[in-house]
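These are the residues of each chain, in order.
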Amino acid sequence: MHQFELTEDQLQIQEMARKFTADAIVPFAAEWDEKHVFPRDTIREAAELGFGAIYVSEEAGGIGLGRLEAALIMEAMAYGCPSTSAFISIHNMSAWMIDRFGSAEVKQKYLPSMIPMERIGSYCLTEPSSGSDAAALKTRAVRDGDHYVVSGSKAFISGGGENEIYVTMVRTGEEGPRGITALVIERDMKGVSFGAQEKKLGWHSQPTAQVNFDEVRVPVENRVGAEGEGFRIAMMGLDGGRLNIGACSLGGAQRCLDEAVNYTKDRKQFGQPIADFQATQFTLADMETELQAARYLLYVAAVKVSANAPDKTRFAAMAKRLATDTGSSVVDRALQLHGGYGYLMDYPIERFWRDLRVHSILEGTNQIMRVIVSRDMLRQ
């Protein structure tokens, strides 16, 4: 049985994240959503626990945990606010890319301020004309001595306008994935500007905006990896990002399932609690079964990504697809069990319903996840 159980260390990490969520996120998340508050102070409190550098190496100042531990942390925080948990995940992905692929100079330049989240990182891949076809990106970087001159735009960027650091995929060479390079671009560099904040269905606790580059001069030393390696690095980052966003769906869905259990035991119709009706019981049983199945697939995928297993990308894609689809389905049924009250902002269900909807779109749509899985199957 032990191989299917969390270790003592993992349970302690999970409990620490749950306690932080209960104290610092749950009481405030509804207000953040309603008033579109970006909780920078709370995010920095999370970084004090090491959550700003979960899988950044200990040598670089991070806490050097694996992808399963990261998933446990994201799942726990999403129980309070999926939007805030996902925002912290994106920062972790950016910091990991710098730590894993950056030179000693670029690590020293950025990680000491990113680990405590004094400076927060964004991941910039998507463009207005290239979403699922990410390798068709048009943002161009032209070498000019010891700088690259960058021009183009990135779309739907979490932290756009607020974050200080943008790990950005740019085209330095030929068309397609082999012509893409990763650069670290700072918010205050001349020529960087931002579009208006996007008006979104959910994820109200985090800013989202287009990022524009108008002949921005970026030092060559800010390159992450070699020229032409950017797309590969971006995809490796997404393996972990997909696990984390799946974990955020698990945490949000678990919150709504718990709320539904409590509500159906209290709510009376036809002279008895609605939890006494077999239709309610069967719905709750299906929600629990599907959520547990998605959770354990995601945990297995996380272990595979940490171990650099040959099938890690396939499993990350499968886990992301299943966890995000299942999460939204569980939340939708929780809302239905609440009836009209579930539709009101007085209850948390509608917020989770809105927040989780985007999880099947970002970090690669769930349709693209199916492409990744089927290609890998047919390649063998």
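Scroll up a little and you will see the structure.
Basis of the calculations
Counting restarts for each chain: residues are numbered from 1 in the order of the written sequence. Whole-chain, interface and lining totals are the exception, using all residues; otherwise, since this is a predicted model, local features are given only for residues with pLDDT of at least 70 and side-chain atom pairs are given and counted only at 80 or more. Hydrogens and waters are ignored; side-chain quantities use all the structure's heavy atoms. With a 1 Å grid laid over protein atoms only, a set of points is called a cavity when a 1.4 Å probe fits there but cannot get out and a pocket when it is open yet has protein on both sides within 12 Å along at least five of seven lines; lining residues have an atom within 4 Å of a point. Grid points are joined across faces, edges and corners, and a volume is the space filled by probe spheres set on the points. The numbering of helices and of strands both runs from the N terminus, where a helix is a DSSP run of H or I of at least 4 residues and a strand a run of E of at least 2. Here the term charged refers only to Asp, Glu, Lys and Arg, the term nonpolar to Ala, Val, Leu, Ile, Met, Phe, Trp, Tyr, Cys and Pro, and the term polar to all other amino acids, Gly among them. The pairing criterion for strands is at least two bridges between them, as found by DSSP. The term salt bridge refers to a pairing of a side-chain nitrogen on Lys or Arg with a carboxyl oxygen on Asp or Glu at a separation within 4 Å. To sort residues, take the accessible area from a 1.4 Å probe on protein chains only and compare it with the maximum for the residue type: under 20% means buried, over 50% means exposed, and anything in between is partly exposed. Between rings of Phe, Tyr and Trp, where Trp is taken as its six-membered ring, a pair exists when centres lie within 6.5 Å; planes separated by under 30 degrees are stacked, by over 60 edge-to-face, and by other angles tilted. Here, a charge over a ring is recorded when the distance from Lys NZ or Arg CZ to the ring centre is within 6 Å and its angle to the ring normal is within 35 degrees. Whenever a helix is involved, its axis is fitted only over the stretch in contact; in every case the axis is a line through C-alpha atoms, and angles between N-to-C directions fall within 0 to 180 degrees. For classification, angles of less than 35 degrees are called roughly parallel, those exceeding 145 degrees roughly antiparallel, those between 65 and 115 degrees roughly perpendicular, and all remaining angles oblique. Note on convention: the crossing is left-handed when the near helix lies turned anticlockwise from the far helix by less than a right angle, right-handed when the turn is clockwise. The contact definition used throughout considers only heavy atoms, calling two residues in contact when any of these lie within 4.5 Å. Whenever a nitrogen or oxygen atom comes within 3.5 Å of another N or O atom, the pair is scored as a polar contact, on the condition that within protein one atom can donate a hydrogen and the other can accept it, and that pairs from neighbouring residues in sequence are kept only if both atoms are in side chains.

S.K.: Which residues make up the layout of surface pockets, and what are the values?
M.R.: When its volume is computed, the largest pocket comes out at roughly 1400 Å³. Along its surface, the largest pocket is lined by 46 residues, and Leu238, Arg242, Leu362, Glu363 and Gly364 are the ones closest to its centre. Secondary structure elements with two or more residues in the lining of the largest pocket: α5 (82-101), β3 (147-158), α7 (230-266), α9 (312-338), α10 (349-357) and α11 (366-379). In terms of residue count, the dominant contributor to the lining of the largest pocket is α7 (seven residues). In this model, the second largest pocket occupies a volume close to 490 Å³. Lining the second largest pocket are 23 residues, with Leu6, Gln14, Leu72, Arg295 and Tyr299 sitting closest to its centre. For the lining of the second largest pocket, the secondary structure elements donating two or more residues are α1 (8-24), α4 (67-78), α7 and α8 (278-306). Ranked by residues supplied to the lining of the second largest pocket, first place goes to α1 with six residues. The residue inventory of the lining of the second largest pocket, partitioned by class, reads 13 nonpolar, six polar and four charged.

S.K.: So what's going on with the pairing of strand β7 (residues 208-219)? Which residues, and what values?
M.R.: Bridge analysis of β3 against β7 gives nine bridges, and the strand direction is antiparallel. Residue pairing across strands places valine 149 opposite arginine 217, the latter belonging to β7. Bridge analysis of strand β6 (residues 192-194) against β7 gives three bridges, and the strand direction is antiparallel. Across the sheet, serine 193 pairs through a bridge with asparagine 212, a residue of β7.

S.K.: Break down the pattern of salt bridges for me, with residues and values.
M.R.: The final tally for this structure, using the stated rule, is 20 salt bridges. We note a salt bridge from lysine 304 to aspartate 311, for which the minimum N-O separation is 3.1 Å. For arginine 370, the salt bridge is made with aspartate 325, and the minimal N-O distance between the two is 3.7 Å. Taken as a pair, arginine 370 in helix α11 and aspartate 325 in helix α9 lie far apart in primary sequence, 45 residues in all. Assessed through its relative accessible area of 42%, arginine 370 is described here as partly exposed. Through salt bridges that share partners, Asp33, Glu350 and Arg354 make up one connected network.

S.K.: Tell me about unusual backbone geometry, residues and numbers included.
M.R.: The phi dihedral of methionine 117 is positive, around 60 degrees, even though this residue is not glycine. A relative accessible area of 0% places methionine 117 in the buried class. With phi around 60 degrees, glutamate 363 is a residue other than glycine that occupies positive phi space. Among the secondary structure elements, glutamate 363 is positioned in the loop between α10 and α11.

S.K.: Explain the packing of aromatic side chains residue by residue, including any values.
M.R.: For the structure on display, the rule yields nine aromatic pairs. Consider the rings of tryptophan 96 and phenylalanine 101, whose centres lie 5.7 Å apart with planes at 85 degrees: the pair is edge-to-face. Tryptophan 96 gets classed as buried once you look at its relative accessible area, which sits at 10%. Classification of phenylalanine 101 as buried rests on a relative accessible area of 12%. When the ring of phenylalanine 270 is compared with that of phenylalanine 277, the centres are 6.4 Å apart and the planes differ by 90 degrees; the resulting orientation is edge-to-face. Put simply, the rings of Tyr263, Tyr341 and Tyr347 touch in pairs and so form one group of aromatic residues. Seen from the ring of tyrosine 55, arginine 67 lies directly overhead, with NZ or CZ sitting 3.7 Å from the centre.

S.K.: I'd like a description of the packing of α5 against helix α6 (residues 104-114), backed by residues and values.
M.R.: Contact pair α5 / α6: the axes reach a minimum separation of 9 Å and the direction vectors enclose 150 degrees. Classified by the angle their axes make, α5 and α6 are roughly antiparallel. Note that α5 runs across α6; the crossing there is left-handed. Contact residues: His91, Ser94, Ala95, Ile98 and Asp99 in α5; Val106, Lys107, Tyr110, Leu111 and Met114 in α6. Considering only residue class, the contact of α5 with α6 consists of six nonpolar, two polar and two charged.

S.K.: If you had to explain the side chain of threonine 139 to someone new, which residues and values would you point to?
M.R.: Structurally, threonine 139 can be placed in the loop between β1 (121-124) and β2 (140-144). Within the structure, the side chain of threonine 139 is placed 2.7 Å from the side chain of glutamate 127, a separation counted as a polar contact. A distance of 3.3 Å separates a polar side-chain atom of threonine 139 from the backbone oxygen of serine 153. If we skip the residues at most four places from it in the chain, threonine 139 touches Glu127, Val150, Ser151, Gly152, Ser153, Lys154, Met169, Val170, Arg171 and Phe213.

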